[in-house]
Amino acid sequence: MEIIERIMPGLADVEASRREHPADWARYEHGAKLVPGKRVMDCACGAGYGSWTLGRAGAKSVVGVDLSPKAVAWASANFALPNVQFRQATPDRFPLEDGEVELAISFETIEHVPEQAAPNFVRELARVLEPGGTLLLSTPLTRGAARLKPENEWHLREYDEDELAALLEPCFVIEKRLGQHSREAAQFARAKKAPGLR
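Peer 1: Can you break down the pattern of salt bridges residue by residue, with the values?
Peer 2: Enumeration according to the criterion identifies nine salt bridges in this entry. The residue Glu100 makes a salt bridge to Arg87 at a minimum N-O spacing of 3.5 Å. Of this pair, Glu100 sits in the loop between β3 (84-88) and β4 (101-107) while Arg87 sits in strand β3, placing them 13 residues apart in sequence. Taken together, the shared-partner salt bridges connect Arg93, Asp98, Glu124 and Arg127 into one network.

This is the structure in structure tokens:
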């Protein structure tokens, strides 16, 4: 049985979902400003509404990836567009070629990755990006011991700002940090793939 923190609206439920989960939609609306004409990966796409939003915003192509075959099937049935497709990932590899995308989006994902697997997760984000590609990432920022045992039962590990930077910096140069609600809340990290990284 698959149990995971997930929002699963259908196309008919989009407006209701926007009202019920405004922060989730706001992340994608922010990301949509960066996608026109770009090849994009939406990591942990879930139901597919975010990938659909990015596709409608003018992305050249969007590949939504998720570990769950049920989520990929749901997304394909409800949110596919001519420029949006969905693929099943494995825990250690995204189903994309090296340098296949210009923009990788990972919203509220890294906190669900086991701590020991997080460095590989970050390397995979970098691998699928073309040289100079951009990562747009958000995650809750937590201080103190709570980051090791998060309040949210679905989160395996949360990071403070320094830990998140240390995790990203082997593969990315952080260009801009944006807050959401407050400095301690979810953070967007816009980062460029590090020069010389394959």
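Peer 1: Please give an account of the confidence of the model for the protein that cites residues and values.
Peer 2: Taken residue by residue, the protein gives an average pLDDT of 83. The fraction at 70 or more is 77%. Contacts for the low-pLDDT stretch residues 182-187, under 50 throughout, to residues beyond four places or in other chains number 24 contacts.

Peer 1: Which residues make up the side chain of Thr139, and what values do they have?
Peer 2: Relative to the helices and strands, Thr139 resides in strand β5 (residues 129-139). Of note is the side chain of Thr139, whose polar atom sits 2.7 Å from the side chain of Glu111.

Peer 1: Before we move on, can you summarise the environment of Ala47 with the specific residues and values?
Peer 2: Looking at the element boundaries, Ala47 is found in the loop between β1 (39-43) and α3 (49-56). Judged by its relative accessible area of 1%, Ala47 falls in the buried class. Residues Ala47 and Trp74 lie 27 residues apart in sequence; the distance between their C-alpha atoms is 6.0 Å.

Definitions and limits used
- Residues numbered from 1 in each chain as written.
- Predicted model: local features only at pLDDT ≥ 70, side-chain atom pairs only at ≥ 80, totals over all residues.
- Heavy atoms only, no water.
- Salt bridge = Lys/Arg side-chain N within 4 Å of Asp/Glu carboxyl O.
- Helix = DSSP H or I, 4+ residues; strand = E, 2+ residues; numbered from the N terminus.
- pLDDT = per-residue confidence, 0-100.
- Contact = heavy atoms within 4.5 Å.
- Polar contact = N/O pair within 3.5 Å; in protein donor to acceptor, adjacent residues only side chain to side chain.
- Buried < 20%, exposed > 50% of the residue type's maximum accessible area, 1.4 Å probe, protein only.

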